[in-house]
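# Coordinate inspection notes
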Amino acid sequence: MYTQGLSGPDAAADSSARAPTMESPELATRFQERIDREDRIEANDWMPAAYRKTLTRQISQHAHSEIIGMLPEGNWVTRAPTLRRKATLLAKVQDEAGHGLYLYAAAETLGKSREEMFDELLTNKAKYSSIFNYPTLTWADMGAVGWLVDGAAIMNQIPLCRCSYGPYARAMIRVCKEESFHQRQGYEIMIALCRGTPEQKAMAQDALNRWYWPCLMMFGPPDSDSTHSDQSTKWKIKRFSNDELRQKFLDALVPQAEFLGLTLPDTDLRFEEGEGDSLDGAVHGHWRHGAIDWEEFRQILAGNGPCNRGRISARQRAHKEGAWVREAAAAYAAKQASQKAAA
């Protein structure tokens, strides 16, 4: 769902950038010409080492985010209020696992093994989306996560369907279709709560209060502080800036909250009228949010969020307990290969 890797500080030296040693201004110029023509770059095509490294970091972080993102929702599968809610939430968690699989496969085409990527996640050498380091305290959080978190993810990910790197762009087509379902599922939960008892609506409001600001942070720091955006935009990995995507999200969010009868926890939220065609009678402009606490964002990225340590320890434990499954699968694959060779 989530790619903040191009927004924050550089990751540690990336040993995965196995680009060809030959680089020249002529090759770089021809590569950029292909990008400018909207050609898709494929795994066997020549690419600058920096392009390979940037994509490896972004796609692997995206995959990590899908896998870590299963944890706060999986926590509610057995506690969902009805069988239908349980089945739907379980299906969503399964989708996230599938998204991680697609994305790890896309990253592997750049020359880095899945084992390397997962080892970096388990040893805290790789980042994942900051949003998953917040707790899901009530059932309403499942609605807020679907509505807000997946809604923000869709804003980020739809442009990635036109990413210049073919394997990533193609993986994102299916991911976006499924994320759209996840967003509708979350909003439907919020509708049910807001049409329920006063206590249920209060629970929905509380969830919105806690998730609103972290979701605005999901798009990364302001454009003025984003260290990778210019080059990523030039390579057409990224199609919109952090602030542009955040603005699109907020403009969609405000009327959705009004429909629910909920109040966004932003006392400085305001509407600024702008220029535009007023023949339709609509008022054109944008909603503007208040000041975001970027220090909180930096602390979360630094590993000091409420759930950072718990998320990684849960993945470490699952990886250790699943070792026998990987060993059995490897043994079966070796046996099948041996039988095929002997046939």
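Before reading on, note that the structure itself is shown above.
Described in the following lines is the structure provided in the data block. This is a predicted model, so every value here is computed, not measured.

Quick notes on the rules
- Residues numbered from 1 in each chain as written.
- Predicted model: local features only at pLDDT ≥ 70, side-chain atom pairs only at ≥ 80, totals over all residues.
- Heavy atoms only, no water.
- Helix = DSSP H or I, 4+ residues; strand = E, 2+ residues; numbered from the N terminus.
- Expected span 1.5 Å × (residues − 1).
- Buried < 20%, exposed > 50% of the residue type's maximum accessible area, 1.4 Å probe, protein only.
- Arc of directions from axis to C-beta.
- Phe/Tyr/Trp six-rings, centres within 6.5 Å; stacked < 30°, edge-to-face > 60°.
- Lys NZ or Arg CZ within 6 Å of the ring centre and 35° of its normal.
- Polar contact = N/O pair within 3.5 Å; in protein donor to acceptor, adjacent residues only side chain to side chain.

## What to know about helix α1 (residues 25–36)
Between the first and last C-alpha of α1 there are 16 Å, a value that for twelve residues agrees with the 16 Å anticipated at 1.5 Å per step. The complete set of buried residues in α1 reads Leu27, Phe31, Gln32 and Ile35. Projection of α1 onto a plane perpendicular to its axis shows the buried side chains occupying an angular sector of 130°, all on one side.

## Some details on the packing of aromatic side chains
Under the criterion given, the structure shown has eleven aromatic pairs. Taking 5.2 Å as the distance between ring centres and 65° as the angle between the ring planes, the aromatic pair formed by Phe271 and Trp287 counts as edge-to-face. Of this pair, Phe271 sits in strand β1 (residues 270–273) while Trp287 sits in strand β2 (residues 285–288); the two residues are 16 residues apart in sequence, bridging distant segments of the chain. Trp287 gets classed as partly exposed once you look at its relative accessible area, which sits at 23%. Taken together, the aromatic side chains of Phe31, Trp46, Tyr51 and Trp235 make up a single cluster linked through ring pairs. Stacked on the ring of Trp76, the Lys or Arg Arg79 has its end atom at 3.9 Å from the ring centre. Between Lys248 and the ring centre of Phe240, over which it is positioned, the NZ or CZ distance is 4.9 Å.

## Here's the deal with the side chain of His62
Relative to the assigned elements, His62 resides in helix α2 (residues 49–68). Of the residues examined, His62 reaches a relative accessible area of 0% and is grouped as buried. One polar contact links His62 to Tyr168, side chain to side chain, over a distance of 2.9 Å.

## Re the side chain of Glu66
If you trace the backbone, Glu66 turns up in helix α2. At a separation of 3.5 Å, a polar atom in the side chain of Glu66 contacts the side chain of His99.

Remember that the coordinates give geometry; whether it matters functionally is a separate question.
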